[in-house]
Amino acid sequence: MASQTAGRTASPNGDAERRYGRSIQKSGALLGGSLVFWMSAVLRRGESDVRNLTQKLIGSHLVDGRMVAGEEIAIRIDQTLTQDATGTMAYLEFEAMGIPRVKTELSVSYIDHNTLQTGFENADDHRFLQSAAAKFGALFSRAGNGICHQVHLERFGVPGKTLLGADSHTPTAGGLGMLGIGAGGLDVAMAMAGQPFYLEMPGVINVRLTGEPAPWVSAKDIILEVLRRLSVKGGVGKVLEYSGDGLAYLSVTERATITNMGAELGATSSVFPSDEGTRGFLAAQQREDLFVPLAADPGATYDEVLEIDLGELGPLIALPHSPDNVVKVSEAVGRRVDQVFIGSCTNSSYVDLVRVSNILKGRTVAPNVSLVIAPGSRQVFHMLSESGALLDLIEAGARVLECACGPCVGVGQAPCSSGVSLRTSNRNFKGRSGTADAEVFLVSAETAAVSALVGAIADPRSFGAPPKWIGLPERFTVDDRMIIPPPEDGGGVEVSRGPNIKPLPRTEQMRDTLTGRVLLKLGNNITTDHIIPAGAKVLPLRSNIPAISMHCFEAVDPTFPERAMSATGGFILGGSNYGQGSSREHAALAPLHLGIRAVIAKSFARIHRQNLINFGILPLTLQDERAYDEVDAGDDLFIDAARSQVSSGFVSVRNVTKGKTIGTRLDLSGRQREIVLAGGLLNISGNAS
Ligand code: MIC
Ligand code: SF4
């Protein structure tokens, strides 16, 4: 039966395991020391020694700044991850810094996004990344080994450590009590070069989970409830810190579902304490020696508190086209479904898929439904196969895919025209599935499985009593043979570069006069998927900025690239939360390539704003949001004495067409100012040495 999975261990990479195992272990032990050091520093400064968990995690890694919400701080990064869609740029950027080896405790390069190889491009990128990992000293997780966040949780996450990832869902690691933060590739490359990561000290929201979840209520319903209450911009500048007696009912992988989707709130990170549940998970992964208990101090305070009574919660669903468009599943019941996708870094753990198999066992998927399942990792796939759960999935009619992101990011399995797709993933932005007019709904794995049988959106409670759930297995099957360690000395490794790998775009110093037309006027919550779409067609161009730029704003206005190029640049006007969603720096690089030097918006999402700064594009925030209504697409704008205005923090933009002046803010730290004036981070000499 599923719960009796054997714990076979294969460790052919003995050397690497010893090497990395030791270094992680050593730094795990050091954490206690650095906490002690930090505590005494805090006491010396006369600050309160009562800290919430977020403050402890940040405080033990703080290298610059004060832990005052909104102020810039710098933290030491212990581990990094990249994936193939962001990794090519990150490694090209790292290479440009001229540093021979990564300086982190651990850096892992994953292949998980671009695994559909319809041309040579993705395979070439994989070769590039494999050789770059060997040269620069990173571990390489091969295609098929699984989704970066799932594999990192299983094999590398350590409570109390910091992880910077070139993927917005890096906070998944918070399920283990680790501080995971998503960032653009260049920031991750800087961390690989041993530089600290700069961010705004976040405020902390305490989410108190109380009581026992009602039957059929799962971790996904909890995070959907948080999204319902806070919205897709409710987490910007914040960390969500979970506590309460309800935690006892959530295993690490369920906690990781919650921290994963904190990205949809725009949050800097989400964290759970490291407790006995964490110890159990690490022990089952044969990594118990890395366990450290971590929690907020008694009496710790928070900027906001959110209480969720798990016993009161029912199954929830996010309606198209935003993850915060959440209602009770019961309100959507009966809607015919064409496709069900169970997978993605949100809900593809062993526990999720065994529950799905228990629901499907002995039954058949409805004739109108295509049920697609992608296990999150090779470990999950292996254990499904060992336990017999895979057979239940196959017999029910599931189409089982390789362990990768796949349909979540529009890489295969696009729904039919006007199709309805029910998914366990985290984003249902319009068009992301690969079908422009598809409607994507987000639900738990349990709701997805029951609906696949019914053929329509179904309340899982209609299934009757839940099948016997399993918790975490006592032992996961550990087999790291698909993770390739780098050689001791990468000096002789030749980096393999196919024809699709174009050189890094270089930028020039910021000009003193910026002129141009408003090329696009956009609404609120514009996603990076709007700016640079993902999907099987465009993702292979991630290492080719000139080519990918031709897809910039494709779904919004396909004439944009051509207009921008013939106008030799211009401005973009956005609403609030501009650039929400992914960490892809291509959403800055492509507009840059097309000549955009400033984006004016009501507000920006955190990662995208930093990406704009990193490539020398000004993120200008309207001082008075009403000014948005007074600017139209096609208006000619003019910024005079831009360099000195940037230094003042306020930038006046002259609307020549309307004869008006728009006031904008540019709240930059001294360091960020230096970056934009230099035309980007890579132009600051000696930035990583
Ligand atoms: C996503 O889920 O949108 C992605 C694809 O994983 C992105 C990264 C990318 O665009 O390469 C993310 O979340 O950062
Ligand atoms: Fe991959 Fe989807 Fe997770 Fe992004 S959200 S990392 S595309 S599975």
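Please read these numbers as outputs of a predicted model, since none were measured by experiment. (Residues numbered from 1 in each chain as written. Chains lettered and ligands numbered in written order. Predicted model: local features only at pLDDT ≥ 70, side-chain atom pairs only at ≥ 80, totals over all residues. Heavy atoms only, no water.)

Draft legend 1. A look at empty space enclosed by the protein. Applying the stated criterion across every chain yields a total of 11 cavities of 30 Å³ or more. By volume, the largest cavity is sized at about 230 Å³. Lining the largest cavity are 23 residues; nearest its centre among them are Q83, H113, D167, R427 and R432. Going through the elements one at a time, α3 (84-96) and α5 (148-155) are the ones with two or more residues in the lining of the largest cavity. Looking at the lining of the largest cavity residue by residue, the classes come out as eight nonpolar, 10 polar and five charged. Taken as a whole, the second largest cavity holds about 170 Å³ of empty space. In terms of lining residues, the second largest cavity is bounded by 17 residues, among which A263, G266, G581, A605 and I607 are the most central. Per-class residue counts for the lining of the second largest cavity are six nonpolar, eight polar and three charged. (1 Å grid on protein atoms, 1.4 Å probe; cavity = no way out; pocket = protein on both sides within 12 Å on 5 of 7 lines; lining within 4 Å. Points joined across faces, edges and corners; volume = space filled by probe spheres on them. Helix = DSSP H or I, 4+ residues; strand = E, 2+ residues; numbered from the N terminus. Nonpolar A, V, L, I, M, F, W, Y, C, P; charged D, E, K, R; others polar.)

Draft legend 2. Seen up close, the site of ligand 2. In the vicinity of ligand 2, the residues found are H113, H149, D167, H169, S344, C345, C405, C408, V409, N426 and R432. Because more than half of its atoms lie within 2 Å of the grid, ligand 2 is assigned to the largest cavity. (Near = heavy atom within 4 Å. Sits in = over half its atoms within 2 Å of the grid points.)

Draft legend 3. Representation of the site of ligand 1. In the neighbourhood of ligand 1, 14 residues make up the surrounding shell, with D167, S168, R542, S583 and R584 lying closest. One nitrogen or oxygen atom from the side chain of D167 is found 2.8 Å from an oxygen atom belonging to ligand 1. At 2.7 Å, a backbone N or O of S583 approaches an oxygen atom of ligand 1. For ligand 1, whose unbound accessible area comes to 340 Å², protein coverage reaches 96%. When atoms are counted within 2 Å of each cavity's grid points, the one that captures over half of ligand 1 is the largest cavity. Per-class residue counts for the shell around ligand 1 are two nonpolar, seven polar and five charged. (Polar contact = N/O pair within 3.5 Å; in protein donor to acceptor, adjacent residues only side chain to side chain. Areas by Shrake-Rupley, 256 points an atom, 1.4 Å probe, with all protein chains shown as cover.)

Draft legend 4. Geometry of the sheet that holds strand β11 (residues 238-243). Overall, parallel pairing links the four strands, which are arranged β12-β11-β10-β13 in an open sheet. The open sheet terminates on both sides in strands that have one partner only, identified here as β12 (269-271) and β13 (304-309). Ignoring which end each strand starts from, the neighbouring axes of this sheet average 20° apart. With six bridges joining them, strand β10 (residues 203-210) and β11 adopt parallel strand pairing. Of the residues in β11, the one forming a bridge with G203 is K238. Sheet contacts for helix α7 (residues 219-230): β10, β11 and β13; angle to β13, the most-contacted strand, approximately 135°. (Pairing = 2+ DSSP bridges. Axes fitted to C-alpha atoms, helices over the stretch in contact; angles between N-to-C directions. Contact = heavy atoms within 4.5 Å.)

Draft legend 5. Highlighting the sheet that holds strand β2 (residues 62-64). As summarised here, the arrangement of the three strands in space is β2-β3-β9, forming an open sheet in which the pairing is antiparallel. Edge positions in the sheet fall to β2 and β9 (197-200), since each of these pairs with one other strand and no more. Between one strand axis and the next, the sheet turns by 45° as a mean value, whatever way the strands run. In this structure, strand β3 (residues 72-75) lies alongside β9, joined through four bridges in antiparallel fashion. Bridge pairing in β9 links I73 to L199.

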